[in-house]
Amino acid sequence: MTNDSNAMWGGRFAAGPDAIMEAINASIGFDKRLYAQDIAGSRAHAAMLAARGILTDSDAAAIREGLLTVLSEIEGGTFRFRTDLEDIHMNVEARLKELIGEPAGRLHTARSRNDQVATDFRLWVRDQCDAADAALVMLMRALLAQAEAGADWVMPGFTHLQVAQPVTWGHHMLAYVEMFARDRGRFSDARTRMNECPLGAAALAGTSFPIDRAATAEALGFDRPAANSLDAVSDRDFALEFLSAAAICAMHLSRMAEELVIWSSAQFRFVSLSDRFSTGSSIMPQKKNPDAAELIRAKIGRILGAQVALLTVMKGLPLAYSKDMQEDKEQVFDAADSLMLALAAMEGMVRDMTANVEVLETAAAAGFSTATDLADWLVRELDMAFRDAHHVTGTLVALAEKKGCDLAELPLEEMRSVHDGITQGVFDVLGVRNSVASRTSYGGTAPDQVRAQIARWKEKLR
């Protein structure tokens, strides 16, 4: 083993670490994903050092050009990542030294790997918030397209997975639009809170060099420098907030995936999923399995696991930086990858799926789904107390169930045998289409309300 790594430590150790220590200490296998953020941070830092007279203009120019070369090599796939150099920061710096020589050693003036990695990781997580937001917008637009197509389609609404009241397809799609809009809000809130720059906090106490932290913060798109150097290098709340938003979003995706699994089953037949997001069985030729939906449903396990893992890593750490915090990235990387894949797959399924409109309407009429409409009619037309109306309706449901028919199929005379105030007008509310059309309260399922909400969301997403 060479002693190249020892040179990076300034000669502190007489011999290099053995293979086990190298394996447990190195993070380059996963933190190389931070290369773009690391190089961006170094370029901003070098420019600031030059502006403050801490670096010469010629050294700053050499560093700038050298870093661009390193970036080009990494993006071109010719860069050789070395485990003995531990992490992305040392790998970049070592290659920079090979390219430009002595000026490379001046780049690390007035900073530490502690504030460097905190900055890199924040930049990366901030980018993931932006990516999640863009993917959510695409999914919401796909849901809006489905809602617009089916603003009038009637389907059963459920509670306890039992038929409750008729709703429209568009209304059901808009429920998920609202959910995913809240997810956008959480990513946006997290992004706002994390948008403070740790660079310049150095190891933990700041630096005696006359740096301009506001300049580096602005160059990297942060709102401000982090106000406390101890907190700046030891905080990972930004990653935890991202994971929290990701876990809630994945839970929403899982709920929708579960509905698609149920709806596409032979027992329901509410929707047909496209072949692009389904698979066949190796033994049963009739099967069409909703594998993409099932895999989306499972992603919450990985993402929630990542959140719990990082909370557990951070919970016992004293200020400021500890090596434990090297374990902060892999699970965040995995969670971000899982979330983006799940969002893209769900968008594709939603765009491609076909609602079986006749099956939906038939199912909407099952299970005495207009019983509440009947009770409401008794209250409204006969001035009956709702509890009394509930009792009368329950009696009529039992009568219809005994006769093997729906409420709308009960003869008026038999209804009047339960309550003689019932008139022919009751049949105006008993059909499923009449039911959904009557739900005109704000946010209700009536087609006009659905179209108004679609228009509102289209404007917001424009």
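Residues numbered from 1 in each chain as written. Predicted model: local features only at pLDDT ≥ 70, side-chain atom pairs only at ≥ 80, totals over all residues. Heavy atoms only, no water.

*Asks:* What should I look at first to understand the overall build of the chain in this one?
*Replies:* For the chain, the count of helices and strands is 19 helices and six strands. Here the chain has a C-alpha radius of gyration of 31 Å; the compact-globule value for 462 residues is 23 Å, and the former is much larger. Taken along its principal axes, the extent of the C-alpha atoms in the chain is 100 × 50 × 40 Å. Burial status across the chain gives 48% buried among its 462 residues. The long-range fraction of contacts in the chain, counting pairs at least 24 apart against all pairs at least 6 apart in sequence, stands at 74%. On the chain, roughly 21,700 Å² of surface is accessible, and the fraction owed to carbon and sulfur atoms is 53%. Between the averaged position of the 48 positive side-chain charges in the chain and that of its 63 negative side-chain charges there is a distance of 2 Å. (Helix = DSSP H or I, 4+ residues; strand = E, 2+ residues; numbered from the N terminus. Rg over C-alpha atoms; globule rule 2.2 N^0.38 Å. Buried < 20%, exposed > 50% of the residue type's maximum accessible area, 1.4 Å probe, protein only. Contact = heavy atoms within 4.5 Å. Areas by Shrake-Rupley, 256 points an atom, 1.4 Å probe, with all protein chains shown as cover. Lys, Arg positive; Asp, Glu negative; His and termini not counted. Charge placed at Lys NZ, Arg CZ, Asp CG, Glu CD.)

*Asks:* Just checking my understanding: could you explain the packing of aromatic side chains for this structure?
*Replies:* The geometry of an aromatic ring pair is captured by the separation of the ring centres together with the interplanar angle, meaning the angle of the planes. For the structure on display, the rule yields twelve aromatic pairs. Look at Trp169 and Trp263: their rings are 5.7 Å apart centre to centre, the planes differ by 40°, and that puts the pair in the tilted class. Of the two residues, Trp169 sits in helix α8 (residues 169-194) while Trp263 sits in helix α11 (residues 237-263), which places them 94 residues apart along the sequence. Residue classification places Trp263 among the buried positions, given a relative accessible area of 4%. (Phe/Tyr/Trp six-rings, centres within 6.5 Å; stacked < 30°, edge-to-face > 60°.)

*Asks:* Got a minute to help me understand the pairing of strand β2 (residues 162-168) in this structure?
*Replies:* Side-chain direction in a regular strand flips from residue to residue, so the side chains alternate between the two faces of the sheet. Looking at chain direction, strand β1 (residues 154-159) and β2 are connected through six bridges and run antiparallel. Along β2, the bridge assignment pairs Thr159 with Gln162. Hairpin connection from β1 to β2: two residues lie between these consecutive antiparallel strands, with His160 at a positive phi of about 55°. (Pairing = 2+ DSSP bridges.)

*Asks:* For this particular structure, what's the right way to read helix α12 (residues 291-314)?
*Replies:* Because each turn of an α-helix spans 3.6 residues, side chains separated by three or four positions end up pointing in the same direction. Taking 1.5 Å of rise per residue, 24 residues should cover 34 Å, and α12 covers 35 Å from first to last C-alpha, within 8% of that figure. For α12, the full list of buried residues reads Ala292, Ala293, Ile296, Lys299, Ile300, Ile303, Ala306, Gln307, Leu310 and Met314. For α12, the secondary structure elements touched by its buried residues are α10 (229-234), α11 and α13 (330-352). (Expected span 1.5 Å × (residues − 1).)

*Asks:* Is there a simple way to explain the layout of surface pockets in this structure?
*Replies:* Rolling a probe over the atoms, with the probe sized like a water molecule, indicates the empty space that remains. Quantified by volume, the second largest pocket comes out at close to 340 Å³. Looking at the second largest pocket, it is lined by 17 residues, and the ones nearest its centre are His171, His172, Leu174, Ala175 and Tyr176. Within the residue set of the lining of the second largest pocket, elements represented by two or more residues are α8, α11 and α19 (447-461). Top contributing element to the lining of the second largest pocket by residue count: α8, with seven residues. Residue composition of the lining of the second largest pocket, grouped by class: seven nonpolar, six polar and four charged. (1 Å grid on protein atoms, 1.4 Å probe; cavity = no way out; pocket = protein on both sides within 12 Å on 5 of 7 lines; lining within 4 Å. Points joined across faces, edges and corners; volume = space filled by probe spheres on them. Nonpolar A, V, L, I, M, F, W, Y, C, P; charged D, E, K, R; others polar.)

*Asks:* Honestly, the environment of Gly157 in this entry has me stumped. Any pointers?
*Replies:* In this fold, Gly157 is placed in strand β1. Given the relative accessible area of 11%, Gly157 is considered buried. Sequence separation between Gly157 and Thr168 is eleven residues, and the spatial gap between their C-alpha atoms is 8.3 Å. In contact with Gly157, other than residues within four places in its own chain, are Gln162, Val163, Ala164, Gln165, Pro166 and Val167.

*Asks:* Can you walk me through the packing of helix α7 (residues 113-149) against α8 in this structure?
*Replies:* In helix packing, the relevant descriptors are the interaxial angle and the interaxial distance, both defined with respect to the helix axes. Their axes nearest at 9 Å, the elements α7 and α8 cross at an angle of 165°. Here α7 is positioned roughly antiparallel relative to α8, judged by the angle of their axes. You can see that α7 and α8 cross each other, and the crossing is left-handed. For the contact of α7 with α8, the class distribution of residues is 19 nonpolar, two polar and eight charged. (Axes fitted to C-alpha atoms, helices over the stretch in contact; angles between N-to-C directions. Parallel < 35°, antiparallel > 145°, perpendicular 65-115°, else oblique. Left-handed = near helix turned anticlockwise from the far one by under 90°.)

*Asks:* Please explain the packing of helix α4 (residues 35-51) against α7 as it appears in this structure.
*Replies:* At a minimum axis distance of 9 Å, the contact between α4 and α7 shows a crossing angle of 125°. With respect to α7, the axis of α4 lies oblique. Taken as a pair, α4 and α7 cross one another with a handedness that is right-handed. Residue-level inspection shows Gln37, Asp38 and Ser42 of α4 in contact with α7, the latter providing Gln116, Asp120, Leu123, Trp124 and Asp127. Its residues assigned to classes, the contact of α4 with α7 comprises two nonpolar, three polar and three charged.

*Asks:* Could you clarify how one ought to interpret a nonpolar patch on the surface in this entry?
*Replies:* On the surface, a nonpolar cluster with roughly 270 Å² of combined accessible area is contributed by Leu204, Leu230 and Leu319. By the element assignment, Leu230 lies in helix α10. Of the residues examined, Leu230 reaches a relative accessible area of 32% and is grouped as partly exposed. (Patch = residues over 30% accessible without salt bridge, like charges linked within 9 Å, V, L, I, M, F, W, Y side chains within 5 Å. Salt bridge = Lys/Arg side-chain N within 4 Å of Asp/Glu carboxyl O.)

*Asks:* What am I meant to see in the environment of Ala62 here?
*Replies:* Looking at where Ala62 falls in the secondary structure, it is placed in helix α5 (residues 57-76). In this structure the C-alpha to C-alpha distance between Ala62 and Val432, which are 370 residues apart in sequence, comes to 74 Å.

*Asks:* Before we go on, may I ask you to explain helix α16 (residues 386-403) in this structure?
*Replies:* Helix length check: α16, at 18 residues, gives a terminal C-alpha distance of 25 Å against a target of 26 Å (1.5 Å per residue), a fit within 8%. Buried within α16 we find Ala389, Val392, Thr393, Leu396, Val397 and Ala400. Viewed end-on, α16 has its buried residues packed into an arc of 145°, placing them on one side of the element. Turned more than 90 degrees away from the buried face of α16, the exposed residues are Arg387, His391, Glu401 and Lys402. Where α16 is buried, its residues contact α15 (371-382) and α17 (412-418). (Arc of directions from axis to C-beta.)

*Asks:* Explain the nonpolar core to me, please; I cannot follow it from the model alone.
*Replies:* Counting residues in hydrophobic clusters, the biggest one holds 100 residues, and the most contacted among them are Phe187, Leu253 and Met346. A per-element tally of this core places α11 first, with 16 residues. One finds Phe368, Ala371, Val392 and Leu396 within the second-largest nonpolar core, a separate group that totals 21 residues. (Core = buried A, V, L, I, M, F, W, Y, C linked by side-chain atoms within 4.5 Å.)

Scope: geometric values only; no functional claims are made or implied.
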